[in-house]
Protein chains: 2
Amino acid sequence: MSGFERYHRILRCFLQSESQWSVKALAEALDLPASTLYRRIRELVQHRFLESVGDSSYRLGPAFLEFERRLRESDPFIQSGGIFLPPLVRQSPIPICAALCRLQGNEVMCVADARTQGFEGSTAYERGKLMPILYGATSKAVLAALPLRRRDKIIAEAAARTTIDVVHLTAQLRQLKKQGFLITRGEVDARLAGIAASITLPGDGIYASLTLIAHQSDITPAAESRLAELVMTHASLIRQFMT
Amino acid sequence: MSGFERYHRILRCFLQSESQWSVKALAEALDLPASTLYRRIRELVQHRFLESVGDSSYRLGPAFLEFERRLRESDPFIQSGGIFLPPLVRQSPIPICAALCRLQGNEVMCVADARTQGFEGSTAYERGKLMPILYGATSKAVLAALPLRRRDKIIAEAAARTTIDVVHLTAQLRQLKKQGFLITRGEVDARLAGIAASITLPGDGIYASLTLIAHQSDITPAAESRLAELVMTHASLIRQFMT
DNA sequence: TAATAATTCTCATTATCTGAGAAATTATAG
DNA sequence: CTATAATTTCTCAGATAATGAGAATTATTA
């Protein structure tokens, strides 16, 4: 094991099921001797990437708050979410959650979010949350934003892992391009539906989407067309803001 | 240079004035050869701690969003901010910002915040923001929460760097303990005032404070006593929630 | 106070990192 | 489209740092 990987392996553990780890448990999970682990953990604690919590175990440290804040205040794409999402959700006729998501490597991540007061959802999409790459309006709108070659590569890789209906997916992407938005129902969470539009910023290599998530039971035909309108106009606003 | 420090030195640069760095600029700032830097940056990019941005420069990466989200959802102290701060600010008679801050090493950091719709402030305290250690109600309430030995050590260290009125500070801390809260005006931002109460959770080694920040011009005597009441009751609620 | 667990330390061995420059790749301009 | 410059990766021997087993130390608990 070498370089940054040494530290990243440790940190990754804290993203899994457990948010607190004892050195003993980490030693088993990573198959490393305690002396080595103590040394690495001490370094991470010194730099605040981990923090010691009383009962001889450790958790993620405040450095992440500091770096995340810096990212939030300096990344123009995340900023555009802070600017445009709150007014957007206020214009919705029904309770919704708005999420701005982008491709990172081969995954889709939410980088900004906002919700109306009334919206309650356990799966409410939050900044920092990773999305499934092939399900839901969010991810499909990101796929639609990609150059063909890259899109096909991602679909092929994903198809190798799970069985997907490539024909149907391709049809959806074509429809998305044609009408400017896409609605999916119950693909990610059975009770929710998503309405998404693509956002491409080729200059920055950003492939993204804007999604409005609502409870399926709230979506009347009138609300649906209003949300479609909102998602398209705001995707357009963000596109312009970024260029 | 060794271990995690190697990577941390690079990452720290992105917290300073510039949020984007070219390899050339980093090489000068850190006095390192390009080949070494490229190697380290590549590792950080692979693990998403940095990300490449078109014009041959780099910025902080999405890993921080992911880790920060995990921290936010798993740290009970940060959670208590999410639970108690929104209802708190809704009860305020004037526009305010509420900040939950704690000691990290020898610094004070805001770990959760909320504000009323009407509150506008360039210095609005946000999660992840570091506070000055000796100025303002926030930091003083943290100092008051500390064991005497540790408090005196921090004050002595800070006094060595800047000239401070230790007698006055001590008097303020005594008053804070006596009446349960402390008001300071214009110490951090000339137009703002802070009302803070201490929060100690010795079991977790957490020394913290809850602060309400308002524009000095909004603070009537009636508002002041109401805010003092709010800050004390909610500090108490958080204390109970955490034990 | 004794006993146990957690953490740091020591040191010889092993593996990794380093830096200079060459080589390859990518962007820019003519 | 080609030449030129800038960016990024690669190579390799020497320098440096990481490793792990166990001893030593320091909390914690009974």
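Please read all numbers here as calculations on a predicted model, not as lab measurements. (Residues numbered from 1 in each chain as written. Chains lettered and ligands numbered in written order. Predicted model: local features only at pLDDT ≥ 70, side-chain atom pairs only at ≥ 80, totals over all residues. Heavy atoms only, no water.)

> Even after reading the chapter, I still don't get the protein's contact with DNA strand C, so can you show me in this structure?
Close to DNA strand C lie 16 residues; Gly3 and Tyr38 of chain A together with Thr36, Arg39 and Arg40 of chain B are nearest. Separating a phosphate oxygen of DNA strand C from a side-chain N or O atom of Arg40 of chain B is a distance of 2.4 Å. Contributions of two or more residues to the surface near DNA strand C are made by helix H3 (34-46) of chain A together with helix H3 (34-46) of chain B. Counting residues per element, the surface near DNA strand C draws most heavily on H3 of chain B, at four residues. Class assignment for the residues of the surface near DNA strand C results in five nonpolar, six polar and five charged. (Near = heavy atom within 4 Å. Polar contact = N/O pair within 3.5 Å; in protein donor to acceptor, adjacent residues only side chain to side chain. Helix = DSSP H or I, 4+ residues; strand = E, 2+ residues; numbered from the N terminus. Nonpolar A, V, L, I, M, F, W, Y, C, P; charged D, E, K, R; others polar.)

> Help me understand the interface of chain A and chain B in this model?
Put simply, an interface is often sized by how much accessible area is lost when its parts join up. Contacts between the two partners involve 49 residues from chain A and, on the opposite side, 50 residues from chain B. Note on chain A versus chain B: buried area summed over both sides is about 4,800 Å², and carbon and sulfur give 60% of it. Sorting the residues of chain A by area buried against chain B places Phe4, Leu65 and Phe67 of chain A first, and these three jointly supply 16% of that buried surface. At the surface where chain A touches chain B, the tally comes to ten salt bridges. Of the charged contacts in the structure, one is a salt bridge between Glu107 of chain B and Arg48 of chain A, with a shortest N-O distance of 3.0 Å. Taken together, chain A and chain B are joined by 22 residue pairs in polar contact (both at pLDDT 80 or more). Top element by residues in the side of chain A that touches chain B is helix H4 (residues 63-74) of chain A. It accounts for ten residues. (Contact = heavy atoms within 4.5 Å. Buried area = accessible area lost by both parts, 1.4 Å probe. Salt bridge = Lys/Arg side-chain N within 4 Å of Asp/Glu carboxyl O.)

> Whenever I open this one, the domain arrangement of chain A confuses me. Can you help?
Along its sequence, chain A is organised into domain 1 (5-65) and domain 2 (75-241). Using only C-alpha atoms to locate each centre, domain 1 of chain A and domain 2 of chain A end up separated by 34 Å. (Domains from an automatic or database assignment.)

> Can you help me understand the relation of the copies chain A and chain B in this one?
Mapping between the two chain copies consists of a rotation about an axis together with a translation along that axis. Under the fitted operation, chain A is carried onto chain B by 0.0 Å of movement along the axis and a turn of 180°, and the coordinates agree to an RMSD of 0.1 Å. Here the two chains are linked by the operation of a two-fold rotation axis. Of every C-alpha in chain A, the one belonging to Phe64 of chain A sits nearest the axis of rotation, 2.9 Å from it. Of the residues that chain A buries at the interface, 100% are likewise interface residues in chain B, meaning the two copies contact each other through the same surface. (Least-squares fit on C-alpha atoms with pLDDT ≥ 70 in both.)

> Can you walk me through the environment of Glu73 of chain A in this structure?
All names here are of chain A. Along the chain, the position of Glu73 falls in helix H4. Separated by 29 residues in the primary sequence, Glu73 and Arg102 have C-alpha atoms spaced 17 Å apart. Side chain to side chain, Glu73 and Arg70 meet in a polar contact 3.0 Å long.

> Is there a simple way to think about the packing of aromatic side chains in this case?
One pair of aromatic rings is described through two measures. These are the centre distance and the angle between the planes. Taken as a whole and judged by the stated rule, the model has 14 aromatic pairs over all chains. Residues Phe49 of chain A and Phe67 of chain A carry aromatic rings whose centres are separated by 5.9 Å and whose planes lie at 50° to one another, so their mutual orientation is tilted. Here the residue Phe49 of chain A occupies a position in the loop between H3 and strand E2 (50-53), and Phe67 of chain A occupies one in helix H4, the gap between them amounting to 18 residues. Each member of the pair, Phe49 of chain A together with Phe67 of chain A, is buried. Between the aromatic rings of Phe84 of chain B and Phe241 of chain B, the centroid separation amounts to 5.5 Å while the plane-to-plane angle is 80°, which identifies the pairing as edge-to-face. Here Phe241 of chain B lies in helix H9 (residues 221-241) and Phe84 of chain B lies in helix H5 (residues 76-90), a separation of 157 residues in the sequence. Accessibility expressed as a relative area gives 15% for Phe84 of chain B, which makes it buried. We classify Phe241 of chain B as partly exposed; its relative accessible area is 37%. An aromatic cluster is defined as three or more aromatic residues linked by ring pairs; in this entry it consists of Phe4, Tyr7, Phe49, Phe64 and Phe67 of chain A together with Phe4, Tyr7, Phe49, Phe64 and Phe67 of chain B. (Phe/Tyr/Trp six-rings, centres within 6.5 Å; stacked < 30°, edge-to-face > 60°. Buried < 20%, exposed > 50% of the residue type's maximum accessible area, 1.4 Å probe, protein only.)

> How do you make sense of helix H9 (residues 221-241) of chain A when you look at a structure like this?
An α-helix turns once every 3.6 residues. As a result, residues three or four positions apart point the same way. Residue and element names in this part refer to chain A. With 21 residues, H9 extends 30 Å from end C-alpha to end C-alpha; this agrees with the ideal 30 Å at 1.5 Å per step. Of the positions making up H9, those classed as buried are Ala223, Leu227, Ala228, Leu230, Val231, His234, Ala235 and Ile238. For H9, the angular spread of the buried residues around the axis is 165°, confining them to a single face. Opposite the packed face of H9, turned more than 90 degrees from it, sit the exposed residues Pro221, Ala222 and Gln240. As for H9, its buried residues are in contact with helix H5 (76-90), strand E4 (96-104), strand E8 (192-201) and strand E9 (206-215). (Expected span 1.5 Å × (residues − 1). Arc of directions from axis to C-beta.)

> Would you mind showing me how to read the sheet that holds strand E8 (residues 192-201) of chain B here?
The pairing of strands in a sheet comes from backbone hydrogen bonds and takes either a parallel or an antiparallel form. Residue and element names in this part refer to chain B. Spatially, the six strands line up as an open sheet ordered E6-E5-E4-E9-E8-E7, and their pairing is antiparallel. Unpaired on one side and paired on the other, strand E6 (130-131) and strand E7 (182-185) mark the two borders of the sheet. Across four bridges, the pairing between E7 and E8 is antiparallel. Residue pairing across strands places Ile183 opposite Ile195, the latter belonging to E8. (Pairing = 2+ DSSP bridges.)

> Would you take a moment to explain the protein's contact with DNA strand D for this structure?
For DNA strand D, the set of nearby residues contains 15 residues, the closest of which are Thr36, Arg39 and Arg40 of chain A together with Gly3 and Tyr38 of chain B. Counting only atoms of DNA strand D within 4 Å of the protein, the sugar-phosphate share comes to 71%. Ser35 of chain A places a polar side-chain atom, nitrogen or oxygen, 3.4 Å from a base nitrogen of DNA strand D. If you list the elements that add at least two residues to the surface near DNA strand D, you get H3 of chain A together with H3 of chain B. For the surface near DNA strand D, the leading source of residues is H3 of chain A, giving four residues. Of the residues in the surface near DNA strand D, the class split is five nonpolar, six polar and four charged.

> Is there a simple way to explain the pairing of E4 of chain A in this structure?
Working note: regular strand, side chains alternate between the two faces of the sheet. Residue and element names in this part refer to chain A. Of all the nine residues making up E4, nine are buried; the element is thus mostly covered by neighbouring parts of the structure. Burial of E4 is two-sided: the residues Ile96, Ala98, Leu100, Arg102 and Gln104 facing one way and the residues Cys97, Ala99, Cys101 and Leu103 facing the other way are all buried. Two successive antiparallel strands, E4 and strand E5 (residues 107-115), enclose a turn made up of two residues, where Gly105 displays a positive phi of approximately 65°.

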